[in-house]
Amino acid sequence: MLISIHSFWREFLRPLVQRPKRLQVAALCYRGSGPDMEVLLVTSRDTGRWIIPKGWPITGLQTSEAALQEAWEEAGVRNSEAAPEPIGTYSYDKLLSAGFPVPVETLVFPVDVKELSKKFPEAHERERQWVSPEAAAELVNEGELKSILRQMTNLLPQNVQHG
């Protein structure tokens, strides 16, 4: 009986009530290369956990440009470029202000950081820190993002990696 209820939920009810994933864009900000590479993490505004800058797509901007805008607003990244294509994606449930979770698929764009400003829109709301990709993988919560961080030197386009 329990198996049939679980099966009914999995195969029939869950697909009916499950919302489609919403899209976000993220900036995987880094500097250096090889063993000297570091990743820039910021704290989330709500829980203070370590994340990479991310947000909703912005009308009129390419997804990579929107990721770069998030890097500016959340981390102070200036005079840098995001790669035009994502190096991966990760999923998570975003808790909206109404109190319910929304499934989100996040495109991850690498950003080779050239300049970091002390003054930026969310400077008073977030902390930021440079860490190795391996340390970053230990600090973030999302499993798929951990995997991207651990593999990032292999995922970066060659022209972006040393540009």
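Up top you'll find the structure we're talking about.
Residues numbered from 1 in each chain as written. Predicted model: local features only at pLDDT ≥ 70, side-chain atom pairs only at ≥ 80, totals over all residues. Heavy atoms only, no water.

Points about the pairing of strand 8 (residues 101-112)
On any regular strand, side chains alternate: one points to one face of the sheet, the next to the other face. Counted only if it meets this: Burial classes follow relative accessibility: with a 1.4 Å probe on protein chains only, a residue under 20% of its type's maximum area counts as buried, one over 50% as exposed, and anything between as partly exposed. Where helices and strands are cited, they refer to DSSP runs of H or I of at least four residues and of E of at least two residues respectively, numbered from the N terminus. For two strands to be treated as a pair, DSSP must find at least two bridges joining them.
A large share of strand 8 lies buried, amounting to 10 of its 12 residues. As paired strands, strand 1 (residues 22-31) and strand 8 are joined by nine bridges and run parallel to one another. Bridging across to strand 8, A27 finds its partner in F109. Pairing of strand 6 (residues 81-82) with strand 8, which is carried by two bridges, proceeds in the antiparallel orientation. When the sheet's bridge partners are listed, E81 is paired in strand 8 with D112. Bridge count between strand 7 (residues 88-95) and strand 8: eight bridges; the pairing is antiparallel. Bridging across to strand 8, K94 finds its partner in V102. With antiparallel pairing between neighbouring strands as the criterion, strand 7 and strand 8 make up a hairpin whose turn holds five residues, including G99 at a positive phi of roughly 100°.

Things to note about helix 4 (residues 143-155)
Applied cut-off: We define the bend at each residue as the angle formed by axes fitted to the 7 residues ending at it and the 7 residues starting at it.
The largest bend in helix 4 is about 40°, located at L149. The complete set of buried residues in helix 4 reads L145, K146, I148, L149 and M152.

Observations concerning the pairing of strand 1
With seven of its 10 residues buried, strand 1 lies for the most part within the structure. Examined bridge by bridge, strand 1 and strand 4 (residues 54-55) share two bridges and lie antiparallel to one another. Considered in strand 4, the bridge of A26 is made with K54. The pairing of strand 1 with strand 2 (residues 38-43) spans two bridges and is classified as antiparallel. By the bridge assignment for strand 2, R31 is matched with E38. The hairpin turn running from strand 1 into strand 2, its antiparallel successor, is six residues long, and G32 in that turn takes a positive phi close to 80°.

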